[in-house]
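An overview of the molecular structure
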Amino acid sequence: MDFVLETKNINKYFDQPVKFHVLKDISLGIRKGEFASIMGKSGSGKSTLLYILSTMDTDYTGELFLNNELITGQKHGKLSQIRNKNIGFVFQFHYLLSEFSVLENVMLPAKKLGEKSLAEIEHDAMEKLRMLDILKLAHQRASRISGGEKQRVAIARALINNPAILMGDEPTGNLDSHNSENVFSIFKRLKEEEDLSLLIVTHDEDFAKRTDRIIQMEDGRILD
Amino acid sequence: MINWKVILNIAKTHLLTKMKSTVTASLGVTFGIGAYITLVSFMTGLNEMLDSLILNQTPHIHIYNEIEPSDEQPIALYQEFEDAFNVVNSVKPKQSQKKIHNGLPILNYLKKDEKVYGATPQLRAQIFYLSGSIELGGNLVGVDIMEEARLSNIGDYIVEGTAQDLKNSDNGILLGDGLAQKMSLKKGDRVQISTIKGDVFPLKIVGIYQSGIAEIDNIQSYANLKTVQRILGEAQNYITDINVKLYDINEATTMAKSLGKQFQVKATSINEANAQFETGSNIRNLITYAVSITLLIVAGFGIYNILNMLIYEKMKDIAILKAIGFSGNDVQLIFMCQAMIIGVLGGILGLIVGFVLSKLIDNVAFETEALPTITTYPIDYDIWYYVIGISFALISTFVAGWLPSNKAKHIDPVRIIRGT
């Protein structure tokens, strides 16, 4: 089977304030070009799972594969590289670097990757901004644009290195319905036009229903 | 793989958007380094001036014939009392001359030695200065004045007339400043001197000599070696002291020892003669460094504080950078770059401030009776102080930046992003 992202028996405990079993034997796989959403109540462990999948959280047992390659146990430096190249991430609160311009924010991950020349990176970034219909904002300071615009910039930044998978932690959670709709249609378009895999944690049932697959979580388990 | 361009760009943006903190932190370093440069230049300048006041009048090696009792009294040679406990009362100094035995051959030997920069003969005579019926006790030193001027800074202390004037005059005298005032004499006057034996000689005052040390200026005068030999009625090989100046002052002690043994004379090195003086300047240096290092450490804490605050403010940025693929090391480098930029800017500015302040002090008038050659405060412009200053700026900013940036390196992005 051709999974972009796959987990085998992932378990995680929180030590504080008391020992708590957050994730219980999570095994799942995301196919290439699949638009999946994770739903569940607060405390069901869906965000915790997402951060493990994003390689930022390394404190777990079990195995994580990205493009059929074992990620678990890699060094932090290596994980940063993997994250940089293969994973795009969109947060609930847009999280742009407020002192930089929109264009610089989008270019930053590509500059870090350093595979292309500056001119190519700038061209790519402009392309992404055009695709998301925010080209006119390119030279604005990131702190000067609206919430919906910020989220689109964050998506552009997540896409700049053409990642294998785009992850979102309630990317529409902080947006009004118009902007939510906008973000959803962007995701949909990315899946259809670019064959991108997406994994989105959300509270929004309408949003989840329109995705290819809903992964329901409860008390640290995946419900089938 | 480290992408310096990206890291420097982020560091630069952080610094520019936090201009106030950047300027404050840089000024902290500037103040520390500037104060260090000023202080150390001024203090060592003063130290050197005080040292040279004494040291330039002290030869590296002073050779003379000490009047002292024999180590072995004659009775020790008498075999019959070999095993006895001998008590000798009223021991007298050994009968000998004040002059250095074989003085001129020793002088020639020294002048040929390649370690020796120069050696000059002196003849010290006890005399009386006569002023009417008043007799003032004092010394007359017979010197080879041109050689003396080359080896020591006696030329600086001749406040009226020149060394050449003395050389050209067969019966000239360089009168001590204190003596000239006591006897109301000035350049061009005549002064009568009398030897211990009672012979009176008139000498012409060709110059006034002021060393800055009253005890010397009140009793001592200089004349040509030949003049003094003639006054005393001694031959041309009669010299009582030889002053030696070496190329390397550190060899003075060992060389003094070997000369003393070789020629059966007393030879003291500058270190022996000025041991207490050395201690004084060492302690002054110690104080200078203690104060400077304190200043630099205070500046270091300033940087630490500001970087710490900056990192606290940038917590979210750090989390984002890590989320989009910057490693802990990259993040640490970003903040280290900021610390080092602050250090370099502040340090260089500090060197400039220090130099300007030193220059200012250097131009402040400072005139004192004791130091005829000094007109402004002394400053030592040693390039090494500047090297030490900038090195310390870099080291202290490095350490001050290391601790907070190391914290940034280990920040867990998940905790920041999830807000726990």
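This report concerns the structure included in the present document. (Residues numbered from 1 in each chain as written. Chains lettered and ligands numbered in written order. Predicted model: local features only at pLDDT ≥ 70, side-chain atom pairs only at ≥ 80, totals over all residues.)

Considering the overall build of chain B
- For chain B, the count of helices and strands is 16 helices and 10 strands.
- Counting all 420 residues of chain B, 38% fall into the buried class. (Helix = DSSP H or I, 4+ residues; strand = E, 2+ residues; numbered from the N terminus. Buried ≥ 20, exposed ≤ 12 C-beta atoms within 10 Å, placed from the backbone.)

Points about the overall build of chain A
- Summing up its helical and strand segments, chain A has seven helices and 10 strands in all.
- Among the 224 residues that make up chain A, the fraction classed as buried is 49%.
- Put simply, 73% of the contacts in chain A that link residues at least 6 apart link residues at least 24 apart. (Contact = placed C-beta atoms within 7 Å.)

A short note on the interface of chain B and chain A
- Each partner contributes to the interface: chain B provides 18 residues, whereas chain A provides 22 residues.
- Listing elements by their share of the side of chain B that touches chain A, those giving two or more residues are helix H1 (4-17), helix H13 (315-323), helix H14 (328-362) and helix H16 (413-418) of chain B.
- The class makeup of the residues in the side of chain B that touches chain A is eight nonpolar, seven polar and three charged. (Nonpolar A, V, L, I, M, F, W, Y, C, P; charged D, E, K, R; others polar.)

Points about the sheet that holds strand E10 (residues 221-223) of chain A
Residue and element names in this part refer to chain A.
- On the basis of which strands lie adjacent, the open sheet formed by six strands has the order E6-E7-E8-E3-E9-E10 and mixed pairing. Only two strands of the sheet have a single partner each, and these edge strands are strand E6 (87-90) and E10. The sheet shows a mean angle of 25 degrees between the axes of neighbouring strands, taken without regard to direction.
- Taken together, the three bridges between strand E9 (residues 213-218) and E10 define a ladder with antiparallel strand orientation. Bridge pairing in E10 places glutamate 218 opposite arginine 221.
- The strands that helix H5 (residues 147-159) touches are E6 and strand E7 (165-169); relative to E6, the one it contacts most, it runs at about 170 degrees. (Pairing = 2+ DSSP bridges. Axes fitted to C-alpha atoms, helices over the stretch in contact; angles between N-to-C directions.)

Re the packing of helix H3 (residues 102-113) of chain A against helix H4 (residues 118-131) of chain A
All names here are of chain A.
- Here H3 crosses H4 at 125 degrees, and the two axes come no closer than 9 Å. When the axes of H3 and H4 are compared, the pair comes out oblique. Read as a crossing pair, H3 and H4 show a hand that is right-handed. Here Leu103, Val106, Met107, Ala110 and Lys111 of H3 come into contact with H4, specifically with Ile121, Glu122, Asp124, Ala125, Lys128 and Leu129.
- By residue class, the composition of the contact of H3 with H4 is seven nonpolar, no polar and four charged. (Parallel < 35°, antiparallel > 145°, perpendicular 65-115°, else oblique. Left-handed = near helix turned anticlockwise from the far one by under 90°.)

With respect to the pairing of E9(A)
Residue and element names in this part refer to chain A.
- In terms of strand pairing, strand E3 (residues 35-40) meets E9 through five bridges, oriented parallel. Bridged to methionine 39 within E9 is glutamine 216.
- With antiparallel pairing between neighbouring strands as the criterion, E9 and E10 make up a hairpin whose turn holds two residues, including aspartate 219 at a positive phi of roughly 50 degrees.

Some remarks on the sheet that holds strand E5 (residues 69-70) of chain A
Residues and elements named next belong to chain A.
- One open sheet holds the four strands; their spatial order is E2-E1-E4-E5, and the pairing between them is antiparallel. Strand pairing shows two members of the sheet lacking a second neighbour, strand E2 (20-31) and E5, which therefore form its edges.
- Examined bridge by bridge, strand E1 (residues 3-14) and strand E4 (residues 61-66) share five bridges and lie antiparallel to one another. Residue lysine 8 lies in a different strand from E4, and its bridge partner there is glutamate 63.

Focus: the environment of B:Leu203
Residues and elements named next belong to chain B.
- With respect to the helices, strands and loops of the structure, leucine 203 is situated in strand E7 (residues 200-209).
- Taking C-alpha positions, leucine 203 is 8.7 Å from aspartate 189, a pair spaced 14 residues apart along the chain.
- For leucine 203, the residues in contact, after removing those within four places along its chain, are Asn171, Gly172, Ile173, Arg190, Val191, Ile193 and Ala223.

Things to note about unusual backbone geometry
- With phi around 45 degrees, A:Asn162 is a residue other than glycine that occupies positive phi space.
- You can see A:Asn162 is positioned in the loop between H5 and E7.
- Overall, A:Asn162 belongs to the partly exposed group, with 13 C-beta atoms counted inside 10 Å.
- Here B:Ser90, not a glycine, exhibits a phi torsion of approximately 55 degrees, which is positive.
- Looking at where B:Ser90 falls in the secondary structure, it is placed in the loop between strand E1 (61-64) and helix H3 (103-112).
- Residue B:Ser90 is classed as exposed on the basis of its 4 C-beta neighbours within 10 Å.

Thoughts on H5(A)
Residue and element names in this part refer to chain A.
- Between its first and last C-alpha atoms H5 spans 19 Å; for 13 residues at 1.5 Å apiece the expected length is 18 Å, and the two agree.
- Burial within H5 is extensive, with 11 of its 13 residues counted as buried.
- Of all the positions in H5, only Glu149, Lys150, Gln151, Arg152, Val153, Ala154, Ile155, Ala156, Arg157, Ala158 and Leu159 are classed as buried.
- Residues of H5 that are buried make contact with E6, H3, H4, E7 and helix H6 (177-194). (Expected span 1.5 Å × (residues − 1).)

Some details on the nonpolar core
- Among the nonpolar cores identified, the biggest contains 112 residues, and A:Val106, A:Leu199, B:Ile303 and B:Leu307 are the most heavily contacted of them.
- Here this core takes 11 residues from H14(B), the largest share from any one element.
- When residues no more than four places from it in sequence are discounted, the contact partners of A:Val106 are A:Ala125, A:Lys128, A:Leu129, A:Val153, A:Ala156, A:Arg157 and A:Ile160.
- B:Tyr209, B:Val228, B:Phe263 and B:Ala267 belong to the second-largest nonpolar core, a separate cluster that totals 48 residues. (Core = buried A, V, L, I, M, F, W, Y, C linked by C-beta atoms within 7 Å.)

Observations regarding the environment of A:Asn84
- For A:Asn84, the position within the fold is in helix H2 (residues 76-86).
- In this structure A:Asn84 comes out as buried when scored by C-beta crowding, with 22 C-beta atoms within 10 Å.
- In this view, A:Asn84 contacts A:Pro109, A:Lys112, A:Leu113, A:Asn161, B:Ile324 and B:Gly325; residues no more than four positions away in its chain are not counted.

A look at the packing of H5(A) against H6(A)
All names here are of chain A.
- For the pair H5 and H6, interaxial distance at closest approach is 10 Å and the crossing angle is 15 degrees. Taken together, H5 and H6 sit at an angle that is classed as roughly parallel. Crossing of H5 against H6: the hand is right-handed. Here Gly148, Gln151 and Ile155 of H5 come into contact with H6, specifically with Asn179, Asn182, Val183 and Ile186.
- Taken together, the residues of the contact of H5 with H6 break down into three nonpolar, four polar and no charged.

Comments concerning the environment of A:Leu50
Residues and elements named next belong to chain A.
- The residue leucine 50 is located in helix H1 (residues 46-53) in this model.
- The class of leucine 50 is buried, set by 21 C-beta atoms lying within 10 Å.
- For the pair leucine 50 and valine 201, spaced 151 residues apart in sequence, the C-alpha separation works out to 7.5 Å.
- Excluding residues that lie within four positions of it along the chain, leucine 50 makes contacts with Ile38, Met167, Asp169 and Val201.

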